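Next come the chains, spelled out residue by residue.
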Amino acid sequence: MPSPDVDIAILGGGCAGLSLAARLAHTSLSVRVIEPRMHYADDRTWSFWRTAADPFEDCVRAEWRAWSVFGERGETRRSSPSLRYQTVNAGAFYERALSLIDDAPAAAISLGVKAEGVAPAAQGWRVDTDAGALTASILADTRPLRQLPRYGQFFIGREIITARPVFDPSVVQLMRFRPQRSGGIDFVYTLPFAPDRALVEVTTFAPTPPAHATLVKWLDEEIALLEAGDVETLRQEAGALPMQVGFGHERPDGIVRLGLGGGAARPSTGYAFTRIQAQADRVVAALTRGQLLDTRIDSVTTRFMDRVFLQVLATAPERGPALFECLFRNAPQDRLERFLSGSTRAADRLSVMASLPPLPFLRAAAVPA
C-alpha cells in the first residue's frame, strides 16, 4: 500500500495555515499548503497585546505602551510597564512565513490551487484539487467557514497620510464610540504610526453586517472630522470576525480545524492573532509527541463568560459603550489586557467581572437568550 504524499496537508494559506506551516517547517514532517491565491498582498493588519513568543516577532511594525477608549465620560487611558500593544502587517507576515516554508526541505506551498473536496483514504485523507489529487496522513483545514455568525465584528479601514499632524503616535485609540448607525455598537479604531500617518477603521459589533456603502460613508465622515488637510490613502482593508460562542468549533470528523473556522477569534472581542498562534503551537506539540490533536482553547468557564457578555451586548447594544468604559476604567492594570488576550487566570477573570455592573450579567446568566 503506497504511503501518503505528505504527512500533513493544510487547506488555506492565510494567517492560520501559514502559522502552522511555519512551525512545522522546523520538524521532520512533510507539509503541503493548498492556497487558491496566486499572490499575497499587504491587505490587512493584526493587532494584539504581546503575551507570548511566536515565529513572527520580527514582523511587528509598531508597538505602543498606552491605549485609550473614548465614551460619554471622555477618555479612559491605560498603559502597562510590561505589556505592549503590537501590530503586524500582513505583507511582512506572509514574507516571513513563505521564507520559512521555502527554506524547509519537506515543506511546500501550492499557490493558485483550490481544494475541491476531501475524503477519508486508506492511510489518512485524500484531497481533490483543481490541479490533481493529494493524499495526507493528517488534514488541517484553516479555511473560513461559509456560515455566518449570529453576531460579529464588521469593519473597513484605510491607512492614510495627512497633510497636517493630527495623530498622537504614543497612544492607540481602541474605541471612540459613535451614535448607532448599524443597530449595534459602533466605534472608530485608530492605529497611529506617526503624527501624520495612521490606520483609521470604523467598526461595529452587530448581528448582521451593515451595508458596505454605509461603512464607506461613515469612514469618509470620520476622516473628514480629522480636519487634516489633504489625505492620501495608502491602502484599504475590510473584514468580518465572528463573535459567537461555539462558532466553528471542531467537528468530530477527524479533520483538524484552525483559524476562524476553528474558533480562534475570541467570541467576546474578536481578537484572533495570538489565539491562532496558540492553536498552531498545540497542533505542532501534539504531532511531534504523537498525541491526539485538540485545537480547542476555551474552557467551559471562558465560554460561559463570553456567552453572558455577548448576550448583554446583543440584547442591549445602547449599553455597550458604557460597559466598555467601565471595563477600561475599573479593571486593574494588565488584568483586562491579559483577559482580552486569552488569559484563564482566576485573578484576571475575577477582576474583569468585578469591573462591570453585576445586574445585567446576572440576568443574562440566569436566562440564556
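In the block above lies the structure referred to throughout.
Here is a short report on the structure shown in this document. Only a predicted model underlies this, so the values are computations on that prediction, with no experimental measurement involved. (Residues numbered from 1 in each chain as written. Predicted model: local features only at pLDDT ≥ 70, side-chain atom pairs only at ≥ 80, totals over all residues. Heavy atoms only, no water.)

**Here we look at the packing of aromatic side chains**
Across all of its chains, the model carries 19 aromatic pairs by this definition. Between Trp 64 and Phe 193, the ring centres sit 6.1 Å apart and the planes meet at 45°, which makes this aromatic pair tilted. Of the two residues, Trp 64 is situated in strand β4 (residues 60-64) and Phe 193 in strand β14 (residues 185-194); the sequence distance between them amounts to 129 residues. Note on accessibility: Trp 64 and Phe 193 belong to one class, buried. An aromatic cluster of at least three residues, connected via ring pairs, comprises Tyr 40, Trp 46, Phe 48, Phe 56, Phe 93, Tyr 94 and Phe 273. When the ring centre of Phe 193 is taken as origin, the NZ or CZ atom of Arg 61, which lies over that ring, is 3.7 Å away. Seen from the ring of Phe 339, Arg 266 lies directly overhead, with NZ or CZ sitting 4.5 Å from the centre. (Phe/Tyr/Trp six-rings, centres within 6.5 Å; stacked < 30°, edge-to-face > 60°. Helix = DSSP H or I, 4+ residues; strand = E, 2+ residues; numbered from the N terminus. Buried < 20%, exposed > 50% of the residue type's maximum accessible area, 1.4 Å probe, protein only. Lys NZ or Arg CZ within 6 Å of the ring centre and 35° of its normal.)

**A look at the pattern of salt bridges**
Opposite charge on two side chains lets them pair, provided their charged atoms get close. Counting across every chain of the model gives 23 salt bridges. One salt bridge connects Glu 337 with Arg 78, and the closest N-O pair in it is separated by 2.7 Å. Remark: Arg 78 occurs in strand β6 (residues 74-79) and Glu 337 occurs in helix α7 (residues 335-340); sequence separation between them is 259 residues. Judged by relative accessible area, which is 1%, Glu 337 ranks as buried. Across the pair Asp 220 and Arg 158 runs a salt bridge, and its minimum N-O distance is 2.7 Å. Here Asp 220, found in helix α3 (residues 212-225), pairs with Arg 158, found in strand β12 (residues 152-162); they are 62 residues apart in sequence, far enough to count as distant. Relative accessible area serves as the criterion here: at 38%, Asp 220 is assigned to the partly exposed category. (Salt bridge = Lys/Arg side-chain N within 4 Å of Asp/Glu carboxyl O.)

**Points about the sheet that holds strand β5 (residues 66-71)**
One open sheet holds the 7 strands; their spatial order is β6-β5-β13-β14-β15-β12-β16, and the pairing between them is mixed. Two strands bound the open sheet, and with one partner strand each, they are β6 and β16 (231-242). Across this sheet, the average inter-strand angle for adjacent strands is 15°, counted without regard to direction. Across the face of the sheet, helix α6 (residues 320-330) comes into contact with β5, β6, β13 (171-177), β14 and β15 (197-206) while running at roughly 40° to β6. (Pairing = 2+ DSSP bridges. Axes fitted to C-alpha atoms, helices over the stretch in contact; angles between N-to-C directions. Contact = heavy atoms within 4.5 Å.)

**Overview of the pairing of strand β3 (residues 45-49)**
Across the 5 residues of β3, 5 count as buried, placing the element largely inside the fold. The two faces of β3 match: Thr 45, Ser 47 and Trp 49 on one face and Trp 46 and Phe 48 on the other face are all buried.

**As for the nonpolar core**
Core analysis: the biggest nonpolar cluster contains 40 residues, and Ile 8, Ile 10, Leu 18, Leu 20, Leu 24, Trp 46 and Phe 93 have the highest contact counts within it. Elements represented by at least two residues in this core include exactly β1 (6-11), α1 (15-24), β2 (31-35), β3, α2 (90-103), β8 (107-111) and α4 (273-289). Excluding its chain neighbours within four sequence positions, the residues that come into contact with Leu 18 are Gly 13, Tyr 40, Phe 56, Phe 93, Tyr 94, Ala 97, Leu 98, Ile 101 and Ile 109. (Core = buried A, V, L, I, M, F, W, Y, C linked by side-chain atoms within 4.5 Å.)

**Section: the pairing of strand β11 (residues 132-141)**
Relative to β11, β1 runs parallel, the two sharing 5 bridges. Each bridged residue has a counterpart across the sheet, and for Val 6 the counterpart in β11 is Ala 136. Bridge count between strand β10 (residues 124-129) and β11: 5 bridges; the pairing is antiparallel. Bridge pairing in β11 places Arg 126 opposite Thr 135.

**Describing the environment of Phe 167**
In this structure, Phe 167 sits in the loop between β12 and β13. What makes Phe 167 buried here is its relative accessible area of 11%. With 22 residues separating them in the primary sequence, Phe 167 and Tyr 189 have C-alpha atoms 12 Å apart. Discounting chain neighbours no more than four positions away, the residues touching Phe 167 are Ile 160, Thr 162, Thr 190, Pro 192, Ala 194, Pro 195, Asp 196, Arg 197, Ala 198, Val 200 and Leu 226.

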